[in-house]
Structure formats: C-alpha cells, structure tokens
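Structure at a glance
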Amino acid sequence: METLQILRKHIDNAENFLDMEIFIQILNNVEKQLADDEGSERLVRCIDLEGFDACGKSTVANGLVQQLNERGQTSRLLNSPPVKLRRFRSYFDEQDELVRRAYYFLGNLITSFDLKTQSDSIITILDRYWPSTIAYQIAGKHNPETIDEIQLSWPKCLAEPILIAYITVDEDERCRRLNKRSATIAVTDEEKQLAEQAEFRRQLDFIYRHKIPSSHLRIIDGTPATETVVNNILDLYEQSIEN
C-alpha cells in the first residue's frame, strides 16, 4: 500500500526519529492485517464525529458515551490518532503534507481494523476518522477552482461508520471556544490556519459537505446545548440502524 511505502521511505531517511523499531513494528502489523483482511462487512455500528477544531466534537463525544451508557448501551470512545500512534504525532505534524497525511491514514487503518472486529453489542464513537484525513489533504494541496471537480470513493480497506456527523458552528462562536480552550491547550498549526485563512475554511467546509463519499453523512448544528446535540445525533443513529 502506498501509505506504508511513504512512511517506510520517510523513516529510512529520517534523522533522530525516536522509537523507530516500535514504529516499524506497527507498519509490519498493519501490512499483515491488510493481507489477511477478507473483506468483512464494511458498514459498522459507529458514530464518527467530524468538524473543525473547537466545534465541540470532544464534548459531544463524551456526552454520547455518557448518554448511551445511561441507556444501558455499551459504548466506547476512540480518538484520532489511535493510542499506539499518539507518541509520534508531534513529529509527523511537523512533516510535509504527504507524510503527515500518510501518518493519519495509518491511524485510520488501525481504527478500521478495530471497528471490523468489535462486538455487535458495542457502539463506537470516533473523534475524527478518514473524512478529516481526506478533507485536510485536499484543502491543503488543491486550488479552489479544481476542488469541485474531485471525485472520491470510500477506501475499500476502511470500515465505514453507519453515521457520520459533521458538526458545525458559526466562525465567531468557534473562535470564542478556541480562545477559551487555548488558555489550557496549545493551539496547533492547523487551528491557526483555520482561524487566519477564510478561503481554507470555505474549502474545507465544502469538502465535508459535498465531497465525502458516504450516504451516511449528516450535518449537525453544534450551537445548541450539548445535551440537545447529543440527542439529535442519537436520533439520527437510530434512524440509520432502522434503515
């Protein structure tokens, strides 16, 4: 797979790459899982939360897990990147776009393998998944004039969530939340880019709304109280299950 080749080539030539043996073992394990994948059912009992930084994904994710558990439904939360890759995040966030997106797609693969083997009794909540990986990739390297012409398909190697919730808030509210959060959490380069570049935000929003190749994507207003947003998402999830 191209993603694995990009990452192998990069670390072979990288200087001061810490825990290289651990990372190579992760690549080897993913390569083996890809070879052993028998094309199990792709649509999984999962709610993927997407949206800009500070739109409320993490708060809603925790609210979903709490609400589901209160209803007697076993649930869990998986963040992006997955735990086994998190130690490498700061390094890859400083690399060029090709290598950075390969790292996040590797995380998507690991999450997908997890989803394909989960029990039918569990509902997984994802705080970002492949839609974010591809949206940022396209917005970061394509001219606005060419984005509308792009045609995507869901990767055959990835499990697809039965519901993808794209959470939106207006920019003033998003910036207010981001400023409040930045008092305790460092602002990333991507967050700075979102705040400073209106055209980049427009492109990213367009990709989320119109280019993610899934009939299971729904746009969610993240402005109301968290409880309201959580209940709206769970209602959509129940409708998706019934259909």
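Above: the structure in question.
Residues numbered from 1 in each chain as written. Predicted model: local features only at pLDDT ≥ 70, side-chain atom pairs only at ≥ 80, totals over all residues. Heavy atoms only, no water.

Considerations on the overall build of the protein
Broken down by element type, the protein carries 12 helices and five strands. The C-alpha atoms of the protein give a radius of gyration of 18 Å, which matches the 18 Å a tight globule of 243 residues would have. Projected onto the principal axes, the alpha-carbon positions of the protein cover approximately 50 × 45 × 40 Å. Looking at the protein as a whole, 48% of its 243 residues are labelled buried. A gap of 1 Å separates the mean positions of the 29 positive and 40 negative side-chain charges of the protein. (Helix = DSSP H or I, 4+ residues; strand = E, 2+ residues; numbered from the N terminus. Rg over C-alpha atoms; globule rule 2.2 N^0.38 Å. Buried < 20%, exposed > 50% of the residue type's maximum accessible area, 1.4 Å probe, protein only. Lys, Arg positive; Asp, Glu negative; His and termini not counted. Charge placed at Lys NZ, Arg CZ, Asp CG, Glu CD.)

Quick notes on the packing of helix α3 (residues 57-70) against helix α12 (residues 226-242)
Following both chains from N to C, one finds α3 and α12 inclined at 65 degrees, their axes separated by 9 Å at the closest point. In terms of axis orientation, α3 runs roughly perpendicular to α12. α3 and α12 meet at a crossing whose hand is right-handed. Facing Thr59, Val60, Gly63, Leu64, Gln67 and Leu68 of α3, the residues of α12 in contact are Thr226, Val229, Val230, Asn231, Ile233 and Leu234. For the contact of α3 with α12, the residue count by class is seven nonpolar, five polar and no charged. (Axes fitted to C-alpha atoms, helices over the stretch in contact; angles between N-to-C directions. Parallel < 35°, antiparallel > 145°, perpendicular 65-115°, else oblique. Left-handed = near helix turned anticlockwise from the far one by under 90°. Contact = heavy atoms within 4.5 Å. Nonpolar A, V, L, I, M, F, W, Y, C, P; charged D, E, K, R; others polar.)

Some details on the packing of aromatic side chains
Under the counting rule described, the total for this entry stands at 13 aromatic pairs. A centroid spacing of 5.5 Å and a plane angle of 70 degrees characterise the contact between Phe17 and Phe23, whose relative ring orientation is edge-to-face. Linked through ring pairs, Phe17, Phe23, Phe88, Tyr91, Phe92, Tyr103 and Tyr104 together constitute an aromatic cluster. (Phe/Tyr/Trp six-rings, centres within 6.5 Å; stacked < 30°, edge-to-face > 60°.)

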